[in-house]
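Analysis of the macromolecular model
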Amino acid sequence: MTTISPDRVLADLNRLRDFGRHKTGVHRPSLSTEHNAACHWFAGRMADAGLTPAIDGIGNVYGSAPGATRKLLTGSHLESQNYAGWLDGPLGVVYGLEAARVINGDPAFAGRGVDVGVWFDEEGHFGHFLGSRSFVDGLSDADIDSAVDRTSGRTLREALAAAGLADKPRTQVKPSDYIGYLEAHIEQGDWLEAKGLNLGIVTSIVGIWQFSVTFTGTQNHAGTTRMAIRRDAGLALTDLCGAIARRFPEVAGERTVWTTGRITLDPGAPSIIPGTAEMLFQIRDADLATLQRMEAALADLVAASDAAGPCRARYQALRKSMPAVMAPHMQAALADAATKHAGNRYTRMPSGAGHDAQILSKVMSAGMLFVPSIGGISHHWTENTSDADIVLGAQVFATACASLLREAEV
Ligand SMILES: [Zn+2]
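Our subject in this report is the structure included herewith. For clarity, every value in this text was computed on a predicted model and none was experimentally measured.

The number of helices and strands found in the protein chain is 12 helices and 17 strands. The C-alpha atoms of the protein chain give 23 Å as radius of gyration, which agrees with the globular expectation for 410 residues (22 Å, within 12%). Going through the 410 residues of the protein chain one by one, you find that 53% of them count as buried. Taking all contacts inside the protein chain whose residues are at least 6 apart in sequence as the whole, residues at least 24 apart take part in 79%. Of the accessible surface of the protein chain, which amounts to about 16700 Å², a share of 52% is contributed by carbon and sulfur atoms. Side-chain charges of the protein chain comprise 37 positive and 44 negative groups, with the mean position of each set lying 2 Å from the other.

In structure tokens:
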């Protein structure tokens with residue numbers, strides 16, 4: 001029986017809340033003073049737990065189980081969105097640390113162990129999943145050279161140098177060392193709470209497809225240009241938004257979501273008809289065929305707008321991440337552990353948010369566990385989860401880690 005310490009889990013999470021505390025949440029952007037301090041503190045906790053800690057050249061904090069030849073990898077992140085919540089990221093690394101504490105010293109697991117990774121910049125201050133991509137070898141030096149903090153404008157090279165990491169090598173994974181990767185996270189939605197459940201087992205992580213749609217009309221005087229001859233790019237854009245709102249529900253899957261995240265009118269003045277208009281549009285779903293169907297629907301609507309005139313309409317795909325399926329045997333281990341500790345108070349569900357597990361899943365089996373978010377709120381300082389759910393999740397996570405390692409051959 002692998003039994004966690006509830007007090008230790010809650011104490012570590014509350015201690016991490018002190019690094020960049022903002023109201024009941026935290027403000028801890030990547031490579032900020034507060035983030036660097038949190039990483040160093042956590043490396044110390046790894047050492048206290050018997051792990052061998054190291055911080056590498058991209059800012060990943062890695063705790064390695066000494067003497068283990070067959071290992072389970074766990075992890076998440078320690079930076080936050082700006083002025084955001086205390087559990088998004090820390091929950092996963094503290095669960096991993098607690099699993100390492102209760103498993104690595106146990107003679108029943110001789111030769112086996114739990115490693116813990118704190119992946120740099122999951123929240124995307126400088127880029128997309130820079131830490132986990134670096135770890136799985138999906139990040140080039142050129143990617144680092146071009147990365148800039150989206151809020152402060154500071155370059156990643158400057159920020160790494162200021163943190164004393166400029167000359168450190170980047171650690172890369174040898175997948176054969178691991179039996180797989182398990183990550184825990186807050187749900188960040190209200191699915192579990194709405195269903196009165198305490199745990200979610202992730203089946204797959206959504207693919208995120210991002211597009212820009214551009215309309216070209218004619219910039220002109222807002223007072224003297226007759227309505228009949230206008231080519232108003234802003235009007236064409238908002239018409240497309242209306243068409244999307246009518247058409248997309250007919251082709252969407254049960255949990256497909258789409259968002260117009262930014263609209264830019266040029267020149268954007270009260271007395272000028274916009275000559276160009278651009279929207280950033282995003283579609284998320286865990287099923288590739290659904291994503292393809294949604295893109296086809298967008299293409300049709302843009303083509304129809306272009307054909308109807310009077311403005312030209314074009315769309316372009318900016319970024320497409322593929323849905324990541326969680327390994328069936330990892331899901332099964334989590335489900336067994338959930339049944340053991342929580343009866344039927346769990347469900348299987350896709351993740352609507354991106355996570356480092358989708359990057360790790362490219363090189364090893366991956367699984368994810370969710371705990372409920374109160375009110376479904378995240379990326380905001382009011383983000384929270386009940387202590388009872390935090391503790392239950394930590395226990396289920398450790399039990400699943402133990403059962404996966406028990407099955408592993410040394
Ligand atoms: Zn997160």
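Turning our attention to the sheet that holds strand S13 (residues 276-285). With antiparallel pairing, the 4 strands of this open sheet are ordered in space as S11-S13-S9-S14. Strands with a single pairing partner mark the edges of an open sheet, and in this sheet they are strand S11 (257-266) and strand S14 (312-320). Here the strands of the sheet are splayed against their neighbours by 20 degrees on average, with no regard to which way each runs. As judged from the 10 bridges shared by strand S9 (residues 207-216) and S13, these two strands associate in the antiparallel manner. Bridge pairing links tryptophan 209 to isoleucine 283 in S13.

Given a rise of 1.5 Å per residue, 15 residues ought to cover 21 Å, and the 20 Å separating the end C-alpha atoms of helix H10 (residues 328-342) matches this to within 8%. For H10, the set of buried residues is Met330, Gln331, Ala333, Leu334, Ala335, Ala337, Ala338 and Ala342. Elements in contact with the buried residues of H10: strand S5 (70-76), strand S7 (178-186), strand S8 (199-205), strand S16 (346-351), strand S17 (366-371) and helix H12 (387-407). Backbone geometry just downstream of H10 places glycine 343 in the positive-phi region, at approximately 55 degrees.

Surrounding the zinc ion are the protein donor atoms His77 (NE2), Asp88 (OD) and His185 (NE2), which sit 2.0 to 2.1 Å from the metal. Site description for the zinc ion: donor spacing in sequence, H-x10-D-x96-H. Here histidine 77, found in the loop between S5 and helix H3 (90-104), pairs with histidine 185, found in strand S7; they are 108 residues apart in sequence, far enough to count as distant.

Another point: the environment of alanine 333. Relative to the helices and strands, alanine 333 resides in helix H10. In this structure alanine 333 touches Ala400, Ser403 and Leu404, once residues within four positions along its chain are discounted.

Let's shift gears to the packing of helix H2 (residues 33-48) against H3. Running from N to C, H2 and H3 cross one another at 15 degrees; their axes reach a closest spacing of 10 Å. Relative to H3, H2 is oriented roughly parallel. In the packing of H2 onto H3, the handedness of the crossing is right-handed. Here H2 contributes Phe42, Arg45 and Met46 to the contact with H3, which in turn contributes Val93, Val94, Leu97 and Arg101.

Closest axis-to-axis distance for the H10/H12 pair is 8 Å, and the angle between their directions is 130 degrees. In terms of their interaxial angle, H10 and H12 are classed as oblique. Two packed elements cross with a definite hand, and for H10 against H12 that hand is right-handed. Facing His329, Met330, Ala333, Leu334, Ala337, Ala338, Lys340, His341 and Ala342 of H10, the residues of H12 in contact are Leu392, Gln395, Val396, Thr399, Ala400, Ser403 and Leu404. Its residues assigned to classes, the contact of H10 with H12 comprises 10 nonpolar, 5 polar and 1 charged.

This part is about the packing of aromatic side chains. Tallied over the full model, the rule gives 10 aromatic pairs. A centroid spacing of 6.1 Å and a plane angle of 45 degrees characterise the contact between phenylalanine 19 and tryptophan 41, whose relative ring orientation is tilted. Separated by 22 residues along the polypeptide, phenylalanine 19 in the loop between helix H1 (6-16) and strand S1 (21-22) and tryptophan 41 in helix H2 bring together distant segments of the chain. Taken together through their ring pairs, the aromatic side chains of Tyr62, Trp119, Phe135 and Tyr181 make up a single cluster. Directly above the ring of tryptophan 86 sits arginine 17, whose terminal nitrogen or CZ lies 3.7 Å from the centroid.

Our focus in this paragraph is the nonpolar core. Within soluble globular proteins, side chains that are nonpolar generally end up buried alongside one another. Core analysis: the biggest nonpolar cluster contains 76 residues, and Phe42, Leu91, Tyr95, Leu156, Leu182 and Ile390 have the highest contact counts within it. Looking at this core element by element, the count peaks at 12 residues for H12. Counting residues in hydrophobic clusters, the runner-up holds 24 residues, among them Leu240, Ala243, Val302 and Ala313.

Next up on the list: the environment of leucine 192. Relative to the helices and strands, leucine 192 resides in helix H7 (residues 191-195). Each C-alpha atom, one on leucine 192 and one on glycine 164, is 41 Å from the other, the two residues being 28 residues apart in sequence. Among residues more than four places away in sequence, those in contact with leucine 192 are Glu187, Leu197, Leu199, Gly200, Thr347, Met349, Phe370, Val371 and Pro372.

Right, let's talk about the pairing of S8 for a bit. Across the 7 residues that make up S8, a large majority, 6, are buried. In this structure, S8 lies alongside S17, joined through 2 bridges in antiparallel fashion. Bridged to isoleucine 201 within S17 is leucine 369. Sheet topology note: the S8/strand S15 (residues 324-325) ladder contains 2 bridges and is antiparallel. For isoleucine 205, the partnering residue across the bridge sits in S15 and is alanine 324.

Here is what the cut-offs are and how they apply
Residues numbered from 1 in each chain as written. Predicted model: local features only at pLDDT ≥ 70, side-chain atom pairs only at ≥ 80, totals over all residues. Heavy atoms only, no water. Helix = DSSP H or I, 4+ residues; strand = E, 2+ residues; numbered from the N terminus. Rg over C-alpha atoms; globule rule 2.2 N^0.38 Å. Buried < 20%, exposed > 50% of the residue type's maximum accessible area, 1.4 Å probe, protein only. Contact = heavy atoms within 4.5 Å. Areas by Shrake-Rupley, 256 points an atom, 1.4 Å probe, with all protein chains shown as cover. Lys, Arg positive; Asp, Glu negative; His and termini not counted. Charge placed at Lys NZ, Arg CZ, Asp CG, Glu CD. Pairing = 2+ DSSP bridges. Axes fitted to C-alpha atoms, helices over the stretch in contact; angles between N-to-C directions. Expected span 1.5 Å × (residues − 1). Donors = N, O, S within 2.8 Å, 3.2 Å for Na, K, Ca; no water. Parallel < 35°, antiparallel > 145°, perpendicular 65-115°, else oblique. Left-handed = near helix turned anticlockwise from the far one by under 90°. Nonpolar A, V, L, I, M, F, W, Y, C, P; charged D, E, K, R; others polar. Phe/Tyr/Trp six-rings, centres within 6.5 Å; stacked < 30°, edge-to-face > 60°. Lys NZ or Arg CZ within 6 Å of the ring centre and 35° of its normal. Core = buried A, V, L, I, M, F, W, Y, C linked by side-chain atoms within 4.5 Å.

From the geometry alone we can't say anything about function, so treat these as descriptive.
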